[in-house]
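# Structural characterization, general
Given next are the chains, with one letter for each unit.
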Amino acid sequence: MTQTARMLTRYNAWSNKLMFDAVAALPPGEAVKERKSLFKNMLHTLNHNYVIDVIWQAHLEGRAHGYAARNTADYPPLAELREQQHAIDQWYIAWSDGLTDAALDERVNFTLIGGNAGAMTRNEILLHVVNHTSYHRGFVCDMFFEVPARPPTMDLPVFLREVPRD
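Read on for an overview of the structure. (Residues numbered from 1 in each chain as written. Predicted model: local features only at pLDDT ≥ 70, side-chain atom pairs only at ≥ 80, totals over all residues. Heavy atoms only, no water.)

When helices and strands are tallied, the chain shows six helices and two strands. Its helices and strands taken in sequence order, the chain reads α-α-α-α-β-β-α-α from the N to the C terminus. Relative to a compact globule of 166 residues, whose C-alpha radius of gyration would be 15 Å, the chain shows 16 Å and is just as compact. Within the chain, buried positions represent 48% of all 166 residues. Pairs at least 24 apart in sequence give 71% of the contacts found in the chain among residues at least 6 apart. A total of about 8700 Å² of accessible surface is found on the chain, and carbon and sulfur atoms cover 54% of it. If the 16 positive side-chain charges of the chain are averaged to one point and the 19 negative ones to another, these points end up 4 Å apart. (Helix = DSSP H or I, 4+ residues; strand = E, 2+ residues; numbered from the N terminus. Rg over C-alpha atoms; globule rule 2.2 N^0.38 Å. Buried < 20%, exposed > 50% of the residue type's maximum accessible area, 1.4 Å probe, protein only. Contact = heavy atoms within 4.5 Å. Areas by Shrake-Rupley, 256 points an atom, 1.4 Å probe, with all protein chains shown as cover. Lys, Arg positive; Asp, Glu negative; His and termini not counted. Charge placed at Lys NZ, Arg CZ, Asp CG, Glu CD.)

Structural data, given as C-alpha cells:
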C-alpha cells in the first residue's frame, strides 16, 4: 500500500508540472480568459486544485486550514501559483515517503467546508486528492481546445512509462 501511495503522489506532482508547463506555454492571456467552465478560467481552476490540496493537507495534519470555501475569490499569477502547487506536491511526496501501511489505514476525522463532519482513512484521502486533481485538470484540458491548443497527456500509463520508479 505504501508503494502505491508514493507512486500516486509522484504521479500527481508530475501531472501538475505538465499542466503548468502547458498553461505557461499558451499565448498571453489564454490562461485567464473567461470560458464556460465552473471556475471561469484555467488559472482559477488550477487554484481550486491547490486550495483543495491545502485543505486535505490540514486534515491529514489534524489542524485548521483557514479556508471558508473550496476556492478563493481571486487567484495568484501563474508563476506564483505554480510555485505554491509545486510546494504542496512536494509535501505530499514527503508525507507519502514517511507512511507505513498502518498509518495509511488510520481514520482521520475532519470537518468539511460546509460544516459536515467526515472521517476517511489516510489512504482514502490520498485517493480523493489525486482523483480530485485529475478531474479538474480535465476541465483545464477541455479549455485548451477553445484556445485552440493541444493539452498535455497526463495519463497514469504515460507516467509509469516515462518516469523511472524509485
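Right, let's talk about the nonpolar core for a bit. In this structure, Met19, Val23, Met42, Trp56, Ile125, Val140 and Phe144 are the most contacted members of the largest nonpolar core, which totals 42 residues. Only helix H1 (2-24), helix H2 (42-61), helix H3 (78-97), helix H4 (101-105), strand E1 (107-111), helix H5 (122-144) and helix H6 (156-162) provide two or more residues apiece to this core. If you tally residues by element for this core, the top one is H2, at 10 residues. Leaving out residues up to four positions away in the same chain, Trp56 has contacts with Tyr92, Phe110, Leu112, Met120, Ile125, His128 and Val129. (Core = buried A, V, L, I, M, F, W, Y, C linked by side-chain atoms within 4.5 Å.)

Attention now moves to empty space enclosed by the protein. Within this structure, the stated rule accounts for one cavity of 30 Å³ or more. Roughly 40 Å³ of internal volume is contained in the largest cavity. Taken together, Thr9, Asn12, Ala13, Asp89, Tyr92, Leu126, Val129 and Val130 make up the lining of the largest cavity. Taken together, the residues that form the lining of the largest cavity break down as five nonpolar, two polar and one charged. (1 Å grid on protein atoms, 1.4 Å probe; cavity = no way out; pocket = protein on both sides within 12 Å on 5 of 7 lines; lining within 4 Å. Points joined across faces, edges and corners; volume = space filled by probe spheres on them. Nonpolar A, V, L, I, M, F, W, Y, C, P; charged D, E, K, R; others polar.)

Take the environment of Val140 next. For Val140, the location among the structural elements is in helix H5. Its relative accessible area of 0% is what places Val140 among the buried residues. Spatially, the C-alpha atoms of Val140 and Thr45 are 7.0 Å apart, while their sequence positions differ by 95 residues. Once residues within four sequence positions are removed from consideration, Val140 is found in contact with Met19, Val23, Met42, Thr45 and Leu46.

Take unusual backbone geometry next. Cis geometry marks the peptide bond from Val147 to Pro148; its omega dihedral reads 0 degrees. For Pro148, the position within the fold is in the loop between H5 and H6. Although it is not a glycine, Lys40 adopts a positive phi angle of roughly 75 degrees. Secondary-structure assignment places Lys40 in the loop between H1 and H2. On the basis of relative accessibility, which here comes to 45%, the residue Lys40 falls in the partly exposed class.

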